[in-house]
Amino acid sequence: MRIDSHNFILLQIGAMLVHLAFVEGMAVLNWVAVSNEEESDSGFWLDGLRIEPSAGCISGPGGEQRVDPKVMAVLELLADNAGHVITREQLLDSIWTDRVVTDDVVSRCIYQLRGHLSSAGADKKYRLLIETLPKRGYLLNATVVRDEQPMMQRRTRRYKRLIMALGILLPTLIMAWWLLQRADSAALQNSVALAPKTIAVLPFLDLSPESNQGYFADGIAEELINVLSRIPSLLVIARSSSFDFRGNKADIAMVAAKLGANLVLEGSVRTDGERVRVTVQLIDVIGEVHLWSQTYDRKLADVLVIQDEIAASVAGTLQLVLNSAVQSAGNSHVDGRAYASFLHAQFLYNRRGPGDLGQAVALYREAVDRDPSFARAWGAMAGAYYIQAIEGEIPLRAGFELLREAARQALVLDPNQPEALVRMAIYMRWAGDQIASRWYYQQAIEHGGNQPLLLATQAGDAIYAGNPQLAVEFGRAALQLDPLSVAWRANLVAYLIAADNLDEARAEVTKALALAVAGDMKDSIGILLVQICVLQGDLATVVAQVQEFPTGWQREFVLALLRSAQGDFDRADVQIAKLAATENHLAILHLAELYAYRGNTEAAFATLARLGTIRSSGSALKDHHSYYGNLMVSPFLRPLHKDPRWDELLSAVSTNSQKFL
């Protein structure tokens, strides 16, 4: 990049003026900041809860809650504007002035804040103090009582101080701005530094002599995704989306556009005995330039060091801060052979073919036998045990105990490992210790960075808490990081329906159908489309959609719903009779929806009661989880909500979750 002498002089003068303005105004600005801090530190009351910003705590009947400074800053801003809508942009501009963050940071702060208020108040009603207004922002519905002067007096004094400071700084800054505008803008900042940073790590090529190290190449790329996802202000596309382009010869720009990324990291791996060569390059898709490239030729045992160096180079190139959590994410002391076994296990775990999970567990075990301090392998093993248990490959209770032991070992070695924290949270939830489960989830969220699984988990929690709009926000955030995930998109559709956002739900369900392959998932998404169309009164589309369903209970349900919507109840009853004869839990749930839609409350509750008798097994646990979620989101079951039996049903479903362990 060339900077001519004229522009260089302008840049130098402008920089000098900015420095002069800084020196002139520092004393006044410091006085403003100190004075404002003294006033903002004053505590206040919020509908019976005591808020102490300086101490970072919320107190109430449920005890004292320690609050993260950023979360407390959100509460203070909402309290300063109680009764008025605060947009997400206002929150970002007011609180995260020191760094660039994404919208999902706001969602997480609001979620944590609601949890703190609920815990401090010992009542879930406190979660409702903060209302989410779709496409507008957040509203604090609470009475705020300050300890000291009225808010207007404090604001007036703050404005006067700011005016005094600006009177000193503004003339100099205006001159500096004018000079800097004259300089070549390309010389001021690289275009990628100005753009939102979203990176896709594509699967690395296997260039080994026998082309049999594909799992190793995949593992290197996947581990880079895990490390980079811990960098603040960097959105990292999930593996399940970026790896969809394995072997794809499409143009990089096209791939990035499909993934919603403006940065791409690609590379290759070549292993030869005890040596490994990793070549990697970072591409700015918008500017169509290679930002950085490097080749590493090291011993196999140094592969983790290579990953850390790559992450540091990416962060440095993008002008991001590589914090200590990222720097320690990969344990550079892990045995090389143990790491190779781990990567092979990861490949099998992700492929998920017949027998793959069992082989993955054996390889994870081989990795920790070689190196007992390998925390990542312990955490991944916990995840494999969980899937084996709920898929019925191993007994449920035994599988969960193995999960707990592996996760516990991982957390002893690395207390901040996100995967182990999530698995332990799952174990605690189904063991009935909801307080411990919530704590582990919060720790996973704090240390997990931008990971779709954590965001999707928070979306599910929001649904269980009766807040579909918050679930939508988390669902969107998860999908932004994993845009090709059919599951996340289908979940978002369900959340949008629950939030009565049918237009967006229809747009998303169309995208989900385009991504889904034939099978149960495609049929489930097709049912979502049918339900949306019925709610919108578009029966013509339902008639056409019926032909997409093969013979089976799904087709019977769609026909029954269509004929019920058309008022042809006699013909609908034919399909209803067939549905009533099945033992499939989803078919039974949809049957209850049909009864509720037709106003047959007694039959609806009787049908839902059938689902309370599912057996204690891994597949039953999945069914139970799906059942609870569907109860919370289904618009067709809303006619039942006013019946006293509805709350009893939800309570029973929640209590019955403990029977699985």
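Right above here is the structure, for reference.
Note that the coordinates shown come from a computational prediction; the quantities given were computed from them, not determined experimentally.

A. Structural view of the nonpolar core. Judged by nonpolar contacts, the single largest core of 84 residues is most densely connected at F204, F216, L228, L265 and I310. Counting residues per element, this core draws most heavily on helix 14 (residues 375-390), at 11 residues. In contact with F216, not counting residues within four places along its chain, are V269, T271, V276, L300, V303, A340 and L343.

B. Quick peek at helix 18 (residues 452-464). Under the 1.5 Å per step criterion, the end-to-end length of helix 18 is 18 Å for 13 residues, consistent within 8% with the ideal 18 Å. The element helix 18 is extensively covered by neighbouring structure, given that 11 of its 13 residues are classed as buried. Those residues of helix 18 not exposed but buried are P452, L454, L455, A456, T457, Q458, A459, G460, D461, A462 and I463.

C. Quick look at the sheet that holds strand 6 (residues 130-133). Reading across the sheet, the 3 strands line up as 5-7-6 and stay open at both edges, with antiparallel pairing between neighbours. Two strands close off the open sheet at either side, each with one partner strand: strand 5 (85-86) and strand 6. Across 4 bridges, the pairing between strand 6 and strand 7 (residues 137-140) is antiparallel. The residue bridging E131 from the neighbouring strand is L139, located in strand 7. Along the sheet face, helix 2 (residues 69-80) touches strand 5, strand 6 and strand 7 and points at about 70 degrees away from the line of strand 7.

D. Quick look at the packing of aromatic side chains. A complete count under the given rule lists 8 aromatic pairs for this structure. Ring geometry for F400 against Y427: centres 6.4 Å apart, planes inclined by 35 degrees, an arrangement best described as tilted. With F400 in helix 15 (residues 396-413) and Y427 in helix 16 (residues 418-431), the pair connects residues that are 27 residues apart, well separated along the chain. Centre to centre, the rings of Y597 and F636 are 5.6 Å apart; their planes meet at 75 degrees, and the pair counts as edge-to-face. Residue Y597 is found in helix 26 (residues 585-597), and its partner F636 is found in the loop between helix 28 (618-633) and helix 29 (644-656); the two are separated by 39 residues along the sequence. For F636, a relative accessible area of 4% translates into the label buried. Every member of this aromatic cluster is reached through a ring pair, and the members are Y339, F342, Y364 and F374.

E. Structural view of the pairing of strand 2 (residues 49-52). Of the pairings in the sheet, the one linking strand 1 (residues 44-46) to strand 2 comprises 3 bridges and is antiparallel in character. Counterpart to L46 in the pairing with strand 2 is L49. Between the end of strand 1 and the start of strand 2, which pair antiparallel, lie 2 residues, with D47 showing a positive phi angle near 45 degrees. Taken together, the 3 bridges between strand 2 and strand 3 (residues 57-60) define a ladder with antiparallel strand orientation. Each bridged residue has a counterpart across the sheet, and for R50 the counterpart in strand 3 is S59. Where strand 2 hands over to strand 3, the hairpin turn is made up of 4 residues, of which G56 adopts a positive phi near 65 degrees.

F. Quick peek at the sheet that holds strand 2. Pairing is antiparallel across the open sheet formed by 5 strands, whose spatial order is 4-3-2-1-8. Only two strands of the sheet have a single partner each, and these edge strands are strand 4 (63-66) and strand 8 (144-146). Along the sheet, successive strands turn relative to each other by an average axial angle of 20 degrees, direction set aside. Running over the sheet, helix 2 touches strand 1, strand 2, strand 3 and strand 8 and is turned about 95 degrees from strand 8.

G. Summary view of helix 26. In this model, helix 26 (13 residues) spans 18 Å end to end at C-alpha, consistent with the 18 Å of a helix rising 1.5 Å per residue. With 11 of 13 residues buried, helix 26 is to be regarded as a mostly interior element. For helix 26, the set of buried residues is H585, A587, I588, L589, H590, L591, A592, E593, L594, Y595 and A596. The N-cap of helix 26, judged by a side-chain oxygen 2.9 Å from the amide nitrogen of L586 a few residues on, is N584. Just downstream of helix 26, G599 is the residue with a positive phi angle, here 85 degrees.

H. Here's a closer look at the side chain of S268. By the element assignment, S268 lies in strand 12 (residues 263-272). Not counting residues within four places of it along the chain, the set of residues in contact with S268 comprises F204, L205, L207, R277, V278 and T279.

I. Local environment of the pattern of salt bridges. All chains considered together, the criterion is met by 20 salt bridges. Among the ionic pairs, R571 bridges to D568, the shortest N-O distance being 3.6 Å. The class of R571 is partly exposed, set by a relative accessible area of 45%. Residues joined by salt bridges that share partners form a network here, namely R275, R277 and D297.

J. Representation of the environment of E504 in the model. On the secondary structure map, E504 appears in helix 21 (residues 502-515). When the C-alpha positions of E504 and L492 are compared, they lie 9.8 Å apart, and in sequence the two are 12 residues distant. A polar contact is formed between the side chain of E504 and the side chain of R476, at a distance of 2.6 Å.

Reading the values: the criteria
Starting from 1, residues in each chain are numbered consecutively following that chain's sequence as written. Where totals are concerned, whole chains, interfaces and linings use all residues; where local detail is concerned, this predicted model gives features only for residues with pLDDT of at least 70, and gives and counts side-chain atom pairs only at 80 or more. With hydrogens and water set aside, each side-chain value is computed from the structure's full complement of heavy atoms. Residues grouped as a nonpolar core are buried Ala, Val, Leu, Ile, Met, Phe, Trp, Tyr and Cys residues, joined through side-chain atoms within 4.5 Å. The rule is simple: take the accessible area with a 1.4 Å probe, protein chains only, and divide by the maximum for that residue type; under 20% is buried, over 50% is exposed, in between is partly exposed. Helix numbering and strand numbering both begin at the N terminus, where a helix is a DSSP run of H or I of at least 4 residues and a strand a DSSP run of E of at least 2. Residue contacts are defined here by distance: any two heavy atoms, one from each residue, within 4.5 Å place the two residues in contact. A helix is expected to span 1.5 Å multiplied by its residue count minus one. Two strands are counted as paired when DSSP detects at least two bridges linking them. Each axis is a line fitted through C-alpha atoms, and for a helix only the stretch in contact is used; angles between axes span 0 to 180 degrees, taken between their N-to-C directions. Stacked, edge-to-face and tilted labels apply to pairs of Phe, Tyr and Trp rings (six-membered ring for Trp) whose centres lie within 6.5 Å, assigned for plane angles under 30 degrees, over 60, and everything in between, in that order. The term polar contact refers here to a pair of N or O atoms within 3.5 Å; inside protein, the definition further demands a hydrogen-donor-capable atom paired with an acceptor-capable atom, and it admits residues adjacent in sequence only when both atoms are side-chain atoms. We count a salt bridge whenever a side-chain nitrogen from Lys or Arg sits within 4 Å of a carboxyl oxygen from Asp or Glu.

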